[in-house]
Amino acid sequence: VKMGAHSSKEGLSQEDMAFLERNTRYDKATICDFYKGFMADCPEGKLSPTTFCQIYSKCFPTGNAKEFCDHVFRTFDTDKNGEIDFKEFLLSIDVTSSGTPEEKLNWAFSMYDVDGNGWIDLEEMTKLVGSIYKMIGTHQTQTHLAKYEAEAKERAKGIFKRMDINNDGKVTKEEFTKTCLEDENLIDLLTPPSAI
């Protein structure tokens, strides 16, 4: 058995179980239940972007969750190999559903920092806010879509301006966290709903 053994059809390795017990808030029985469900949806032990989006989208039947799913998938896929294995899945679920506000915000910051350069610029903020609007909206016509895109752009500008405390055109993790912790409505808007 090599270090960091991956989940497989045969079951969760003892190493992975021990790792998940140490690094999540879940006990062995809960981890096993999550694993069974994960393997039922992903018999190969890997979650592809397409499968992830199909599962996530079920929670937002009236909206278009595709763009937002891409951002969430990228953030779950911590090793950036284009697939989510069970460990990546459970670590992210743990943070997004049971994490402290600071942990959730660190996770959300990673999602907003699309290019991974350590800060969020207005373009990144606009992309994410726009994808949230598309996901939760019921806008099916082109007219509504254009209106939502304009609203999302304005909302993103306003949020960005509030977060960019030192007005340098970049939102750092510290600025992001500080602003969100001071405004619960902002946390609700900017962090993904626990859909899975």
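Residues numbered from 1 in each chain as written. Predicted model: local features only at pLDDT ≥ 70, side-chain atom pairs only at ≥ 80, totals over all residues. Heavy atoms only, no water.

Scanning the protein chain for helices and strands turns up 10 helices and 4 strands. For the protein chain, the α and β elements follow one another from N to C terminus as α-α-β-α-α-β-α-α-β-α-α-β-α-α. Here the protein chain, with 196 residues, has 42% of them falling under the buried criterion. Partitioning the intrachain contacts of the protein chain with sequence separation of at least 6 by distance along the chain shows that 60% fall at a separation of at least 24. Accessible surface for the protein chain amounts to roughly 10500 Å². Of this, 53% is attributable to carbon and sulfur atoms. (Helix = DSSP H or I, 4+ residues; strand = E, 2+ residues; numbered from the N terminus. Buried < 20%, exposed > 50% of the residue type's maximum accessible area, 1.4 Å probe, protein only. Contact = heavy atoms within 4.5 Å. Areas by Shrake-Rupley, 256 points an atom, 1.4 Å probe, with all protein chains shown as cover.)

It is worth spelling out the layout of surface pockets at this point. It is a probe the size of a water molecule, rolled over the atoms, that shows where empty space is left. Considered as a void within the structure, the largest pocket measures approximately 160 Å³ in volume. Surrounding the largest pocket, T75, T78, K80, E88, L91, S92, V95, E103, N106, W107 and S110 form its lining. Put simply, the parts of the chain that give the lining of the largest pocket at least two residues each are α5 (86-98) and α6 (101-112). Among the residues forming the lining of the largest pocket, the class breakdown is 3 nonpolar, 5 polar and 3 charged. (1 Å grid on protein atoms, 1.4 Å probe; cavity = no way out; pocket = protein on both sides within 12 Å on 5 of 7 lines; lining within 4 Å. Points joined across faces, edges and corners; volume = space filled by probe spheres on them. Nonpolar A, V, L, I, M, F, W, Y, C, P; charged D, E, K, R; others polar.)

As a further point, take the packing of helix α4 (residues 66-76) against helix α7 (residues 122-136). One way to put it is that α4 packs onto α7 with a least axis distance of 7 Å and a crossing angle of 130 degrees. Our classification of the angle between α4 and α7 gives oblique. Between α4 and α7 the crossing geometry is left-handed. Counted together, E67, F68 and H71 of α4 and K127, L128, S131, I132, K134 and M135 of α7 form the full contact between these two elements. Taken together, the residues of the contact of α4 with α7 break down into 4 nonpolar, 2 polar and 3 charged. (Axes fitted to C-alpha atoms, helices over the stretch in contact; angles between N-to-C directions. Parallel < 35°, antiparallel > 145°, perpendicular 65-115°, else oblique. Left-handed = near helix turned anticlockwise from the far one by under 90°.)

Below, the discussion takes up the packing of aromatic side chains. In the structure shown here, the tally under the stated rule is 13 aromatic pairs. Geometrically, the ring pair formed by Y26 and F34 is tilted, given 5.1 Å between the ring centres and 50 degrees between the ring planes. Look at Y26 and you get buried, because its relative accessible area is 13%. Between F38 and F86, the aromatic rings sit 5.4 Å apart at their centres with planes inclined by 65 degrees, giving edge-to-face as the arrangement. Note that F38 is positioned in helix α2 (residues 28-41) and F86 in helix α5, a separation of 48 residues in sequence. Residue class for F86 comes out buried when judged on its relative accessible area of 0%. Across from the ring centre of F19, 4.7 Å away, lies the NZ or CZ of K87, which sits over that ring. Between K170 and the ring centre of W119, over which it is positioned, the NZ or CZ distance is 4.1 Å. (Phe/Tyr/Trp six-rings, centres within 6.5 Å; stacked < 30°, edge-to-face > 60°. Lys NZ or Arg CZ within 6 Å of the ring centre and 35° of its normal.)

This part takes up the side chain of E175. Mapped onto the elements, E175 comes out in helix α9 (residues 173-181). As a buried residue without a salt bridge, E175 has its nearest oppositely charged side chain in K170, at a separation of 9.4 Å. Those residues within four positions of E175 in sequence are excluded, and the remaining contacts are M163, D164, I165, N166 and K170. (Lys, Arg positive; Asp, Glu negative; His and termini not counted. Salt bridge = Lys/Arg side-chain N within 4 Å of Asp/Glu carboxyl O.)

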